[in-house]
Amino acid sequence: MTDYKNLKLIATSSPHVRSNENTRSIMLDVIIALIPALAIGVYFSGPRALSVTAVSVIGCVFFEWLYRKLMKKPQAIGDLSAVVTGVLLAFVCPVMIPYWMILIGDFFAIIVVKQLFGGIGMNFVNPALCGRAFLVGSYASVMTTWAAPGSYAPIVGSTADVVTSATPMAYLHANNLAELQESYSVMDLFVGKVGGSFGEVSALMLILGGCYLLYRKVITWHIPVTYIGTVAVLTLLFSRGNPSVDWMLYNLFGGGLMLGAIFMATDYATSPVTKKGQIIYGIGCGIFTVLIRYFGSYNEGVCYSIMVMNLCVALIDKVSKPARFGVVKSAKKEAAAK
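For the structure given in this document, a descriptive report is provided here. (Residues numbered from 1 in each chain as written. Predicted model: local features only at pLDDT ≥ 70, side-chain atom pairs only at ≥ 80, totals over all residues. Heavy atoms only, no water.)

**A word on the pattern of salt bridges**
Logical step 1: Across all of its chains, the model carries 3 salt bridges by this definition.
Logical step 2: Linking Arg-216 and Asp-29 is a salt bridge whose minimum nitrogen-to-oxygen distance equals 3.1 Å. Separated by 187 residues along the polypeptide, Arg-216 in the loop between helix H10 (203-215) and helix H11 (222-237) and Asp-29 in helix H1 (residues 23-45) bring together distant segments of the chain.
Logical step 3: On the basis of relative accessibility, which here comes to 3%, the residue Asp-29 falls in the buried class.
Logical step 4: A salt bridge links Glu-300 to Arg-293; its shortest N-O distance comes to 3.0 Å. Here Glu-300 and Arg-293 have matching classes, each one buried. (Salt bridge = Lys/Arg side-chain N within 4 Å of Asp/Glu carboxyl O. Helix = DSSP H or I, 4+ residues; strand = E, 2+ residues; numbered from the N terminus. Buried < 20%, exposed > 50% of the residue type's maximum accessible area, 1.4 Å probe, protein only.)

This is the structure we're talking about:
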């Protein structure tokens with residue numbers, strides 16, 4: 001006879017879903033997907049790209065451990081979410097960024113944006129993007145100085161001798177496509193042989209990482225495709241007097257669009273839960289990106305467009321909520337009136 005009194009039963013509400021996936025396995029898949037972009041970043045920017053990433057990861061993990069230790073909360077560093085934040089924050093920074101500066105970004109991303117709001121899943125904006133926005137606002141000169149591809153910055157010591165170059169987005173913001181084409185071809189942008197944040201320059205490697213996440217079912221196509229597709233359509237239709245296809249391709253492969261659409265906008269905690277909502281969200285990200293690129297004083301719109309749409313997620317989830325089975329409109333109106 002079964003001893004029911006000694007059974008360790010867990011009472012929870014339905015639905016009861018069984019899955020081998022957990023936060024750690026999902027974050028591990030994201031880390032694996034980011035490895036190609038890191039590899040090409042090290043190839044074009046030198047070993048300092050790897051050291052900046054390592055320092056950022058260590059900083060994020062340490063700040064998460066420290067906060068939860070001081071607040072006497074269960075440790076959560078084993079879920080690898082802090083590692084992902086550290087990698088993504090490093091990816092959207094110049095390779096010449098001082099180590100102490102990336103640590104300040106780590107502190108802001110982990111403590112202020114993530115932990116003060118309750119930890120993983122409770123933050124309403126993407127921590128890595130907020131960390132970057134904070135650094136741009138605080139250290140604009142450093143955050144807008146880019147090493148030329150192939151000009152390796154030393155791992156330690158002064159970076160004064162590193163050759164700098166303008167990014168493709170700087171040319172596009174000035175509506176100077178002809179000069180951009182003289183400096184970089186579309187293939188250069190696609191492969192990653194351009195100036196910019198070392199983790200976002202290679203569209204090819206980021207797309208490969210995105211394909212891996214799709215294969216592993218970590219993300220769905222809705223946000224990346226609608227985000228990139230919206231930017232493609234708008235830049236094709238409104239090419240500012242330039243050849244439409246060329247203008248579109250340079251806008252797609254230049255800047256942080258691929259990194260943002262595939263790895264940032266798809267963050268579970270800060271994106272809609274419904275498929276319809278994800279499509280609305282992706283379109284909104286694309287519209288804001290193009291508007292900021294065209295009319296803003298800052299030449300890249302991906303970071304701020306995603307953060308703006310992060311703030312709209314609760315509303316998007318509300319308007320895209322599917323109808324409950326068996327509920328008629330009159331019953332819904334009566335429930336809403338109460």
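**Digging into the nonpolar core**
Among soluble globular proteins, nonpolar side chains are generally buried collectively.
Logical step 1: Tyr-227, Leu-259, Phe-263, Tyr-281 and Ile-306 are the most contacted members of the largest nonpolar core, which totals 86 residues.
Logical step 2: For this core, the element with the highest residue contribution is H1, accounting for 10 residues.
Logical step 3: Grouped together as the second largest cluster of nonpolar side chains are 6 residues, Phe-63, Tyr-67, Ile-110 and Ile-111 included. (Core = buried A, V, L, I, M, F, W, Y, C linked by side-chain atoms within 4.5 Å.)

**What about the layout of surface pockets?**
Logical step 1: The computed volume of the largest pocket comes to approximately 460 Å³.
Logical step 2: Lining the largest pocket are 24 residues, and of these Met-27, Val-84, Asp-267, Tyr-268 and Ala-269 lie nearest its centre.
Logical step 3: Of the residues belonging to the lining of the largest pocket, the class tally is 15 nonpolar, 7 polar and 2 charged. (1 Å grid on protein atoms, 1.4 Å probe; cavity = no way out; pocket = protein on both sides within 12 Å on 5 of 7 lines; lining within 4 Å. Points joined across faces, edges and corners; volume = space filled by probe spheres on them. Nonpolar A, V, L, I, M, F, W, Y, C, P; charged D, E, K, R; others polar.)

**Focus on helix H2 (residues 48-70)**
Logical step 1: The end-to-end C-alpha distance of H2 is 32 Å, a good match for the 33 Å that 23 residues give at a rise of 1.5 Å each.
Logical step 2: Taken from the residues just after H2, Lys-72 is the one with a positive phi, measuring 60 degrees. (Expected span 1.5 Å × (residues − 1).)

**Describing the packing of helix H14 (residues 275-295) against helix H15 (residues 302-310)**
Axes are the key here: two packed helices are described by the angle between their axes and the distance separating the axes.
Logical step 1: H15 packs onto H14 with a crossing angle of 140 degrees between their chain directions and a minimal axis gap of 8 Å. Relative to H15, the element H14 is oriented oblique. At the point where H14 passes H15, the crossing takes the right-handed sense. Only Val-302, Tyr-304, Ser-305, Ile-306, Val-308, Met-309 and Asn-310 of H15 make contact with H14, whose side of the interface consists of Ile-280, Tyr-281, Gly-284, Cys-285, Phe-288, Thr-289, Ile-292 and Arg-293.
Logical step 2: Its residues assigned to classes, the contact of H14 with H15 shows 10 nonpolar, 4 polar and 1 charged. (Axes fitted to C-alpha atoms, helices over the stretch in contact; angles between N-to-C directions. Parallel < 35°, antiparallel > 145°, perpendicular 65-115°, else oblique. Left-handed = near helix turned anticlockwise from the far one by under 90°. Contact = heavy atoms within 4.5 Å.)

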